[in-house]
Structures are given as C-alpha cells and as structure tokens.
Amino acid sequence: MTQRFNVIQGISTPCVWTGLRCDTRSHRVTGIEIGNRGISETVTCDLRNLSSLTVFDVMGNNLTGKIPSLAVLKSLERVLVNDNGFTSIDADFFTGLSSLQFVNLDNNPLRPWNIPYSLTDATSLVVFSAANCNLSREIPDLHWNVTFPNMTTLTLSSNSLVGELPKRASGSYIQILMLNGQNLNGSISVLTSMPVLTEVSLQENRFSGTIPDVHGLTSLKVFNVSGNKLTGIIPESIFKLSSLSYVGLGNNLLHGPTPGLFPEHDRFDRRGVNNFCLDVPGAPCDMRVNVLLLTVEGSGFPVVFAESWKANDPCNGMWMGITCVGADITVINFKGMGLTGVITPSFVLLKDLMVINLSHNNLTGFIPQELTRLSKLKTLDVSYSQLDGQVPDFRPNVVDTTGNPVPRPIPGSIGPSAGKIVGSVIGGNVSLLLLIGFAIFLCGKITR
C-alpha cells in the first residue's frame with residue numbers, strides 16, 4: 001500500500017507506524033485504521049497476507065481504484081471503506097470472511113455491481129451498509145433469515161435496485177431496513193414477518209398494493225413509505241401502534257379518510273398528496289365511497305382505480321367504471337381491467353345496481369351468494385375469468401359465466417347460466433347485516 005504513515009527512523013517493524021495496530025505478543029498486524037486522513041492514493045498491496053487483521057478502516061479519504069481484496073481473512077470483523085473514490089469491488093470480496101460483522105461501502109462511485117453470492121460466507125454480519133454505491137439488479141435471495149441470524153441493519157438506499165423485497169427476509173431479526181430511493185416494486189407485506197423492526201425507510205420506490213397490518217411490529221418507531229404507489233385504506237393498526245414516532249405516507253394513492261390525530265400526539269407527516277376522500281383529518285367518507293373501496297378490496301385496491309377514484313362523490317362522472325342515476329350507483333363496469341383476486345360480497349350494499357360487469361379479468365374463487373339479494377340486478381357478467389364453484393340461484397338470464405373453467409351443474413338451479421363455473425370470496429355464511437355494519441364502521445373510522 002502506498003501510504004503516508006509516519007515511520008520511526010531506524011525501526012523496521014510496521015507495528016509502530018501511525019494507523020496500524022498490532023498484537024503485542026505476536027506483533028502481527030490486527031488493524032489498519034487510517035480513516036479521515038485526507039489520503040488521495042490507491043491501495044496497491046496484498047492485504048490477504050495479513051491473516052490476523054480484524055479491522056480495515058480507510059473511510060473518509062480520497063482513495064481510488066479497486067477496493068482491495070480481503071477474501072479469506074477469517075479474523076476480519078470490520079470493513080469501513082465508505083466515503084472514498086473506489087470504482088470497483090471483486091465478486092469474491094466476502095469469500096471466507098466468516099467473522100465479518102460490520103461492513104460500510106457507502107458513497108463510493110463503484111461501477112454497476114450487484115450483491116455477490118460470496119456475501120453468504122459472512123454469516124456473522126450484524127450491519128451491512130451499501131448506500132449510494134451504484135448497486136443494481138435485484139436484491140438476491142440469500143435466505144437472509146437463515147444466512148444472517150445476527151443481522152440488525154440492512155442499508156441499501158440511493159442505488160438502482162429493481163424487483164421485489166426478498167421473501168426469505170421474513171423471520172429475520174433486522175431492526176433497521178433502509179431501501180429508499182430505488183426502483184423496487186411489488187408488495188411490502190413481508191415486513192409483517194420481520195418481528196423486531198424499529199425503522200423502515202422505503203420511500204421513493206415503486207411499491208404497490210396495500211399497507212399491511214402492522215399490529216405485530218410492536219417495536220416499530222419509524223415507518224416511511226412515502227413516494228410509492230401504495231393503494232387502499234390506511235390500516236387501523238398504524239394508529240394503535242404506540243411505539244411509532246414518525247409515519248410518512250405522502251405521495252401514494254391511498255384512499256379513505258384523511259388520517260386524524262394519533263392518540264398521544266400527531267406523528268403523521270402530512271406532506272405529499274394522496275387520494276383521501278376529504279381534506280379534513282378524521283372526517284368520514286361518503287358511504288358510497290366506502291362501499292366501492294370494499295368492492296375492490298378483494299383485488300388488492302388496483303392502481304387503475306386508485307389513480308382515477310378521487311374526492312368524495314363517486315357519481316361526479318370521473319370515477320372509472322362507475323355509472324350513476326342521480327346519486328345512485330347503477331352500473332359497475334370493470335371489464336378487462338386486469339383484475340386478480342376474488343369477488344367480494346360488498347356489491348350487495350349498492351342496492352340500486354342493475355349491471356355488474358367483471359368480465360375478461362383473472363378473478364378466482366366464487367360468486368358470492370349475497371349478490372342474489374340485489375333485487376334490481378339485470379346483468380352479472382363474469383365471463384372469461386378463472387372463477388370456480390357453483391352459480392348461486394339468480395333469476396333467469398342474469399349471470400354470464402362463459403369462458404370460465406369446466407362447469408359443475410347445480411341440481412334444481414334455474415336460468416341458462418346454471419351450472420357454469422363461478423363463486424364467492426367469503427361464502428354464503430356472511431350475513432348482509434354484518435356487511436352493512438362493517439361499512440358503517442369504516443365510514444366512521446379514524447375519528448381521532
């Protein structure tokens with residue numbers, strides 16, 4: 001290594017050099033600690049010969065070139081190379097580093113690279129930080145919950161990562177998860193299976209779907225998912241989690257009431273827009289808005305609706321797929337909108353419905369028995385989907401199930417569509433009274 005160490009004249013042992021630490025008995029080098037010394041050179045020597053090295057700290061300098069290989073240094077515990085000008089790192093960098101606990105690669109202009117498989121050798125990792133260092137591709141499935149049983153901090157912010165959160169991070173004991181400023185997408189539901197989380201920073205990504213129920217994350221202090229494409233209603237569990245000190249949900253596609261005050265003090269960051277029905281914190285939404293949100297809950301509150309369903313009047317002519325006569329919703333047309341999931345029984349709460357068109361989607365499950373109670377319903381089109389089960393007993397000529405899987409006839413059923421494949425998300429044992437009660441509850445939720 002070309003370096004600016006002060007050498008005591010006439011003494012050849014490196015153990016007296018500034019920035020080196022040695023074992024007093026063996027005189028082997030155990031630490032290189034030259035952080036924040038203003039060094040502007042390249043690291044050229046072979047550090048792999050320093051078999052007793054436990055600390056490599058060169059952070060906060062102007063070092064360039066390749067981060068020196070530290071592979072097979074079994075005693076190495078800390079690697080701090082952050083805030084330099086390093087431009088590359090070997091794929092085998094972590095090979096054999098079984099004692100490695102702390103890694104910081106932040107703020108280096110590395111050429112595009114991805115988390116290498118050699119990281120799985122570092123089974124003692126506690127902190128892995130690689131923010132703003134040009135990471136790309138997906139976060140690999142390294143069996144995080146098993147491979148790194150001691151990991152508490154994973155920081156990969158401000159890179160170019162894509163794909164979803166690794167499902168095998170579930171059950172891990174990560175406390176701090178910082179992945180903001182990426183191109184990550186998919187669901188964030190894996191968070192609920194990371195029991196000791198204290199800080200979650202996922203802002204400015206492309207995550208979609210709903211915010212999961214976080215009631216089990218009793219240590220969570222910071223929850224920042226702003227700047228994504230999250231949809232649906234904010235779960236009540238967020239308002240009941242007393243450990244939270246900061247909640248950032250701005251610049252998403254969230255619906256329902258604007259969050260009111262938290263029980264003790266206001267911890268909700270209201271910066272950034274959403275599609276809340278009203279601007280008044282805690283004010284309940286129109287009953288029709290609540291019911292329509294329930295109808296798409298079985299499909300995970302798709303973005304196609306979240307982007308167009310705005311304000312507190314679904315009959316203003318701007319809500320995609322909704323047609324009204326006066327203030328009454330009469331037609332729901334969700335044809336060919338790429339819907340997945342199941343059909344919810346919540347449609348039954350819209351008593352003036354005459355047409356429900358859910359055709360040409362990928363819905364599964366069953367047609368809810370409750371929909372037979374819609375006395376004005378003339379058409380229920382669920383053709384060309386993936387429904388299964390038996391058709392409830394609708395009036396003749398109401399249901400079209402063309403293009404679903406092989407039908408199973410119902411003895412004694414009526415109508416030309418009898419026996420074609422369809423079904424229900426919850427089944428016939430959910431009463432209309434309970435559904436109405438649930439909708440009323442949503443209408444008045446978040447009053448604090």
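Residues numbered from 1 in each chain as written. Predicted model: local features only at pLDDT ≥ 70, side-chain atom pairs only at ≥ 80, totals over all residues. Heavy atoms only, no water.

Before going further, it helps to spend a moment on the overall build of the protein. Scanning the protein from terminus to terminus reveals five helices and 25 strands. Buried residues in the protein amount to 50% of all 448 residues. Restricting to contacts in the protein with at least 6 residues of sequence separation, those with at least 24 account for 44%. Split by element, the accessible area of the protein, about 19,500 Å² in all, is 53% carbon and sulfur. (Helix = DSSP H or I, 4+ residues; strand = E, 2+ residues; numbered from the N terminus. Buried < 20%, exposed > 50% of the residue type's maximum accessible area, 1.4 Å probe, protein only. Contact = heavy atoms within 4.5 Å. Areas by Shrake-Rupley, 256 points an atom, 1.4 Å probe, with all protein chains shown as cover.)

With that settled, the discussion passes to the sheet that holds strand S2 (residues 29–33). Read from one edge to the other, the open sheet built from 12 strands follows the order S1-S2-S3-S5-S7-S8-S10-S12-S14-S16-S18-S20, with strand pairing classed as mixed. Whereas interior strands pair on both sides, the edge strands pair on one side only; in this sheet they are strand S1 (20–22) and strand S20 (268–269). (Pairing = 2+ DSSP bridges.)

Of the residues in the protein, 86% reach a pLDDT of 70 or more, and the chain-wide mean stands at 86. Note that residues 1–11 has pLDDT below 50 and, in this model, 23 contacts with residues that lie over four places away or in other chains. Confidence drops under a pLDDT of 50 for residues 409–448, and excluding neighbours within four residues, the segment shows 113 contacts in the predicted structure. (pLDDT = per-residue confidence, 0-100.)

Once that is clear, we can look at the packing of aromatic side chains. Scanning all chains against the criterion turns up seven aromatic pairs. Between tryptophan 144 and phenylalanine 148, the aromatic rings sit 5.3 Å apart at their centres with planes inclined by 45 degrees, giving tilted as the arrangement. On the basis of relative accessibility, which here comes to 1%, the residue phenylalanine 148 falls in the buried class. Ring geometry for tryptophan 309 and tryptophan 319: centres 5.1 Å apart, planes at 15 degrees, overall stacked. (Phe/Tyr/Trp six-rings, centres within 6.5 Å; stacked < 30°, edge-to-face > 60°.)

Our focus in this paragraph is the nonpolar core. In this structure, Phe128 and Phe223 are the most contacted members of the largest nonpolar core, which totals 75 residues. Secondary-structure elements contributing two or more residues to this core are S1, S2 and helix H2 (236–240). For phenylalanine 223, the contacting residues outside a window of four places in its chain are Ile188, Leu191, Val200, Ile211, Ile238, Leu244, Tyr246, Val247, Gly248 and Leu249. Core analysis: the next-biggest nonpolar cluster, separate from the first, contains 39 residues, Cys285, Val289, Leu353 and Leu371 among them. (Core = buried A, V, L, I, M, F, W, Y, C linked by side-chain atoms within 4.5 Å.)

With that settled, consider the side chain of serine 129. Here serine 129 is to be found in strand S8 (residues 127–129). The contacts of serine 129, once residues within four sequence positions are left out, are Val103, Asn104, Leu105, Asp106 and Thr155.

Counted by the stated rule, this structure contains three disulfides. Note on cysteine connectivity: cysteine 277 is disulfide-linked to cysteine 285, with sulfurs 2.0 Å apart. With the S-S dihedral at roughly -85 degrees, the linkage between cysteine 277 and cysteine 285 falls on the left-handed side. Taking relative accessible area as the criterion, cysteine 285 reaches 3% and is therefore assigned buried. Two residues share a disulfide in this structure: cysteine 315 and cysteine 324, whose sulfurs sit 2.0 Å from each other. What sets the handedness of the cysteine 315 and cysteine 324 disulfide is the S-S torsion sign, and at about -80 degrees it is left-handed. Its relative accessible area of 19% is what places cysteine 315 among the buried residues. Cysteines bonded in the protein are numbered consecutively along the chain; their disulfide partners then correspond to 1-2, 3-4, 5-6. (Disulfide = S-S within 2.5 Å.)

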